[in-house]
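Take a look at the letters that make up each chain.
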Amino acid sequence: MRVFFTPEPEEAAWVRERTRSDEHLLALALALKCYQKPGYFPKADEVPEAVVEHVRGGLELAEGTGPHYESANTAKLHRKLVRERQGISYDQERARQIAEEAIRSAALVKNNPPDLINVALEEPVRATCELPAFRTLDEMAARIRREVDEDIFHAVRSRMAPEDQARLMGLLDVGGLDRESGLNRLKKPAKRPSWSHLKEQHRHLQWVDSLGTPARGWRASPRGRSPTSPPRRPRRTRRSCGTMRRASAPRFWPAWRTRPGGGPGTTWRRCSAVGCPPS
């Protein structure tokens, strides 16, 4: 609280220049400090009393001074002053559009609603827009997630042959001595490591592979990698140093040495690999 809600001397001077009463002074200071961190203006009853006391003490106001507005126009003016100071534009339609585009793009690689909401919170802030209400973002994330998932389901279904679709629908049928459906069998986790369980798991994976034709590619994941995921490490490849050497020979054999076991006069060619020390 001391880090995020303590008014700086320059902020205290800015607030005093734009207010005439202690109540308006405290109200504007709270609006400024609360907006800097969450990115929106909370209601008066939503601000914790501990934050009010901390800001009031930082402004050296009398005990009992509360953040009160005489009219709604004063509160509207304070919000406008804070937006101008923070360089934020109040364009809710643009903010919702940016958040919707960010959620729709992230929903292709993420499926957890909190992750989608976090993306929706980051992009409008990066575009210097005031955040929409949390309920708006929550409903938007749920709607777009449902739409993207339906598109993925349709894409998978379009890749499947009729016999594959019938085979998957058959997973819901209950039969056999154990009265177990194929879907429950498919969801069974692997047992503890042992040789018999390994062979059993191998048979289970063979059965899973028989559910579809890999050549059609319908089982490939439609979701890609997240833009925020770290890049894959490049595969390590063995560089050729351009020498003819035996496996037991040193990596960088001097050019003047004869090849071991190659007879007199047989020399090594100079290594041209990156990092090879000159001979």
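Each chain has its residues counted from 1, running along the sequence as written. The predicted origin of the model limits local features to residues at a pLDDT of at least 70 and limits the giving and counting of side-chain atom pairs to 80 or more, whereas totals for whole chains, interfaces and linings rest on all residues. Think of the side-chain values as coming from all heavy atoms in the structure, minus any hydrogens and water.

Asker: It is not clear to me how the packing of aromatic side chains should be interpreted in this structure. Could you clarify?
Answerer: Working definition: an aromatic ring pair is given by the centre-to-centre distance plus the angle between the planes. The rule is short: rings of Phe, Tyr and Trp, with Trp giving its six-membered ring, pair when the centres are within 6.5 Å, and they are stacked under 30 degrees, edge-to-face over 60, tilted in between. As enumerated under the stated definition, the model contains 1 aromatic pair in all. For the pair Tyr35 and Phe41, a centre-to-centre distance of 4.4 Å together with 25 degrees between the ring planes defines the contact as stacked. Relative accessible area decides the class of each residue, using a 1.4 Å probe on protein chains only: under 20% of the type maximum gives buried, over 50% gives exposed, and in between gives partly exposed. In this structure Phe41 comes out as buried when scored by relative accessible area, which is 17%. A cation sits over an aromatic face here: Arg85 above Trp14, 5.1 Å from the ring centre. Each ring is checked for a lysine NZ or an arginine CZ that lies within 6 Å of its centre and within 35 degrees of its normal; such an atom marks a charge sitting over the ring.

Asker: I keep staring at the side chain of His197 and nothing clicks. Help me out?
Answerer: Structurally, His197 is set in helix α11 (residues 195-209). At a separation of 2.8 Å, a polar atom in the side chain of His197 contacts the main-chain carbonyl oxygen of Arg192. We define a polar contact as two N or O atoms separated by no more than 3.5 Å, with the added condition that, inside protein, one atom must be a possible hydrogen donor and the other a possible acceptor, whereas residues neighbouring each other in sequence contribute only through side-chain atom pairs. Only 3.1 Å separates the side chain of His197 from the side chain of Ser194, close enough to count as a polar contact. Contacts between residues were defined by any pair of non-hydrogen atoms, one from each residue, lying within 4.5 Å. Once residues lying within four places of it in the same chain are set aside, the contact partners of His197 are Lys191 and Arg192. Only DSSP runs of H or I reaching four residues or more are called helices, and only runs of E reaching two or more are called strands; each is numbered from the N terminus.

Asker: Would you mind showing me how to read helix α4 (residues 49-58) here?
Answerer: Because each turn of an α-helix spans 3.6 residues, side chains separated by three or four positions end up pointing in the same direction. Those residues of α4 not exposed but buried are Val51, Val52, Val55 and Arg56. For α4, the angular spread of the buried residues around the axis is 130 degrees, confining them to a single face. Those residues of α4 that are buried are in contact with α1 (2-5) and α3 (22-36). Directly after α4, the chain includes Glu60, whose backbone phi takes a positive value near 60 degrees. Think of the arc as the fan of directions from the helix axis to the C-beta atoms.

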